[in-house]
Amino acid sequence: MAAYKDEQRGTWYVSFHYYDWTGKNCRKVKRGFKTKREATEWEHHFRMKEAADLDMTFGEFVQAYTRDMKPKLKHNTWLTKEHILRTKLLPYFENKKMCDIRAKDIIQWQNEQISYRDEKGKPYAPTYLKTLQSELSALFNHAVRFYELKSNPVVKAGPLGKGKAEERLFWTKEEYLKFIEAVKDKPYSYQAFQILYWCGLRVGELLALTPQDIDFDNKVIRITKSYQRLEGKDVVTDPKTPKSKRNVSMPDFLCEELKEYLGRLYGLLPTDRIFHLTKSFLHHEMTRGAGKAGVKRIRIHDLSYPNLNKNQTFQKKDVNRNKYRLKKFGYYFYLFLLIPQKSTREPSGFFHFADTFLSFSSSRVASAVAFSSTVISR
């Protein structure tokens, strides 16, 4: 690498040839460096980027990864990814060369994350450990796909954490009614939790609501956006997923309560946000109301699943299991109706199957016949 002094300007510049991603020989000139060292360092980084040289360090590759991925992701998604890169990955791998990082290095990093304890002695949640590993693996996958790294060492090191969270805590309807009575002294808290519980909105969707999103005639809330506070700024984006854009029905009493609440907000424009609250405030109110009402503290996100308890969850699983059995039963019943018989002397497949069919309880028989009729008609 060579840098040259621009005698007229008193600065340094670099001039060199490189091959771009199409294989074309290109010339690059960059001027305006105050020192020779700055000029040669710039050429070094440029060559690593263009030549996809995985001899670069992890920290240098993170810069390339940032240039590649940041424009493609939602702002809040990138901030989450950037936080993990900066606080959990760079401190450990920053000065290691990408091509020298092995599975044993990943395992040592995994063990450090598992052994971590905060000031209260609590470890990282298994789902958070899974998120950390996923971000690290995504970075190495990017290096494999686009920068000619031979393999992903994270895959060889094995899994960390688990993808599913622990069993959610739910409130029964009776518990929720105790809680909402306890926060009734603050109308904005009361109305916010009413919408979260009865309509199943996410917190970001609630905070993004404007008067024009509410159709009182049809008793519907239109969910089209989500609110977040990012880097000290109010940011309104699309909801979490495309399917999150939806219309949510309101019960009659909630429709009347919300209409009355909006009528008391002086000067509220159709495009103004209704709830100027923060997520931390809602968490504080959840803790206050649960303690005052004498009910267990649950996550705000779990309000999206009203009136579910452990027994009802198991009942739901049983229903799904019975639906599968019934579908399978109807499928075989349909097959026996279609399969021709080899001999008229022998009982037909249908009558042979009927013996088994009649051994089921009368309720299951009725359900199976109804299902089979539906299948045949299709």
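Going by the structure above, here's the rest.
Residues numbered from 1 in each chain as written. Predicted model: local features only at pLDDT ≥ 70, side-chain atom pairs only at ≥ 80, totals over all residues. Heavy atoms only, no water.

Undergrad: Before we move on, can you summarise the overall build of the protein chain with the specific residues and values?
TA: Scanning the protein chain from terminus to terminus reveals 14 helices and eight strands. Split into buried and exposed, the 378 residues of the protein chain put 37% on the buried side. Taking the contacts inside the protein chain whose residues are at least 6 apart along the sequence as the reference set, 60% of them involve residues at least 24 apart. On the protein chain, roughly 24000 Å² of surface is accessible, and the fraction owed to carbon and sulfur atoms is 53%. (Helix = DSSP H or I, 4+ residues; strand = E, 2+ residues; numbered from the N terminus. Buried < 20%, exposed > 50% of the residue type's maximum accessible area, 1.4 Å probe, protein only. Contact = heavy atoms within 4.5 Å. Areas by Shrake-Rupley, 256 points an atom, 1.4 Å probe, with all protein chains shown as cover.)

Undergrad: If you had to explain the sheet that holds strand β5 (residues 220–223) to someone new, which residues and values would you point to?
TA: Ordered by their spatial adjacency, three strands build an open sheet running β4-β5-β8, and the pairing between neighbours is antiparallel. Only two strands of the sheet have a single neighbouring strand rather than two, namely β4 (214–215) and β8 (246–249). Examined bridge by bridge, β4 and β5 share two bridges and lie antiparallel to one another. When the bridges of β5 are listed, I214 appears paired with I221. (Pairing = 2+ DSSP bridges.)

Undergrad: Describe the side chain of D105, with residues and values.
TA: In this fold, D105 is placed in helix α4 (residues 103–115). Judged by its relative accessible area of 7%, D105 is buried. Apart from the residues within four sequence positions on either side, D105 is in contact with Y92, F93, K96 and D100.

Undergrad: Lay out α4 with the relevant residues and their values.
TA: Compared with an ideal rise of 1.5 Å per residue, which puts 13 residues at 18 Å, α4 spans 18 Å between its outermost C-alpha atoms and is within 8% of the ideal. Within the sequence span of α4, burial applies to D105, I106, W109, Q110 and Q113. Taken down its axis, α4 places every buried residue within 140° of arc, on the same side. Structural note: α4 exposes K104 and S115 on the side pointing more than 90 degrees away from its buried face. Next to the buried residues of α4 lie α3 (75–93), α5 (126–146) and α6 (153–157). (Expected span 1.5 Å × (residues − 1). Arc of directions from axis to C-beta.)

Undergrad: Just give me the short version of the pattern of salt bridges, but keep the residues and values in it.
TA: According to the stated counting rule, one finds 19 salt bridges in the structure shown. A salt bridge links E175 to K296; its shortest N-O distance comes to 3.1 Å. Of the two residues, E175 sits in helix α7 (residues 173–182) while K296 sits in the loop between α11 (279–293) and α12 (310–338), which places them 121 residues apart along the sequence. Connected via shared salt-bridge partners are D185, K186, E285 and R288. (Salt bridge = Lys/Arg side-chain N within 4 Å of Asp/Glu carboxyl O.)

Undergrad: Pulling in residues and values, what's your account of the environment of T127?
TA: Along the chain, T127 falls in helix α5. Here the alpha-carbon distance between T127 and K162, two residues 35 residues apart in the chain, equals 5.3 Å.

Undergrad: Let's hear about the environment of G204: which residues, and what values?
TA: Tracing the backbone through its elements, the reader meets G204 in helix α9 (residues 203–207). Separated by 23 residues in the primary sequence, G204 and Y227 have C-alpha atoms spaced 4.7 Å apart. If we skip the residues at most four places from it in the chain, G204 touches K225, S226 and Y227.

Undergrad: Tell me about the packing of helix α8 (residues 187–199) against α11, and please be specific about residues and values.
TA: Where α8 contacts α11, the two axes come as close as 11 Å, and the packing angle between them is 90°. Relative to α11, α8 is oriented roughly perpendicular. On α11, the residues that touch Y188, S189, A192 and F193 of α8 are F281, L282, E285 and M286. Its residues assigned to classes, the contact of α8 with α11 shows six nonpolar, one polar and one charged. (Axes fitted to C-alpha atoms, helices over the stretch in contact; angles between N-to-C directions. Parallel < 35°, antiparallel > 145°, perpendicular 65-115°, else oblique. Nonpolar A, V, L, I, M, F, W, Y, C, P; charged D, E, K, R; others polar.)

Undergrad: Go over the packing of helix α2 (residues 58–69) against α3 with me, naming the residues and quoting the values.
TA: Two numbers describe a pair of packed helices, the interaxial angle and the distance between the axes. Contact pair α2 / α3: the axes reach a minimum separation of 11 Å and the direction vectors enclose 170°. By the criterion of interaxial angle, the relationship of α2 to α3 is roughly antiparallel. Contacts between α2 and α3 pair F58, G59, V62, Y65, T66 and M69 from the former with W78, K81, L85, L89, L90 and F93 from the latter. A per-class count over the contact of α2 with α3 returns nine nonpolar, two polar and one charged.

Undergrad: So what's going on with the sheet that holds strand β1 (residues 3–6)? Which residues, and what values?
TA: Strands sit in the order β1-β2-β3 across an open sheet of three strands; the sheet is antiparallel. Edge positions in the sheet fall to β1 and β3 (25–33), since each has one partner strand and no second. Within the sheet, the average angular offset between the axes of one strand and its neighbour, ignoring direction, is 25°. With seven bridges joining them, strand β2 (residues 11–19) and β3 adopt antiparallel strand pairing. For H17, the partnering residue across the bridge sits in β3 and is R27.

Undergrad: Break down α2 for me, citing the residues and quoting the values.
TA: For α2, spanning twelve residues, the distance from its first C-alpha to its last is 16 Å, which sits close to the expected 16 Å at 1.5 Å a residue. Here α2 has its buried residues at F58, G59, E60, F61, V62, A64, Y65 and M69.

Undergrad: So what about the pairing of strand β6 (residues 226–230)? Which residues, and what values?
TA: A large share of β6 lies buried, amounting to four of its five residues. With five bridges joining them, β6 and strand β7 (residues 233–237) adopt antiparallel strand pairing. Paired with L230 across the bridge in β7 is K233. Counted along the chain from β6 to the antiparallel partner β7, the turn is two residues long, and its residue E231 has a positive phi close to 50°.

Undergrad: Residues and numbers for the packing of aromatic side chains, please.
TA: Tallied over the entire structure, the rule returns 20 aromatic pairs. Centroid distance F58 to F93: 5.5 Å. Interplanar angle 40°. Geometry classified as tilted. Separated by 35 residues along the polypeptide, F58 in helix α2 and F93 in helix α3 bring together distant segments of the chain. Here Y188 and F281 contribute two aromatic rings whose centre-to-centre distance is 5.9 Å and whose plane-to-plane angle is 40°, an arrangement assigned as tilted. Placement of the pair is Y188 in helix α8 and F281 in helix α11, with a sequence separation of 93 residues. Judged by its relative accessible area of 35%, Y188 falls in the partly exposed class. (Phe/Tyr/Trp six-rings, centres within 6.5 Å; stacked < 30°, edge-to-face > 60°.)

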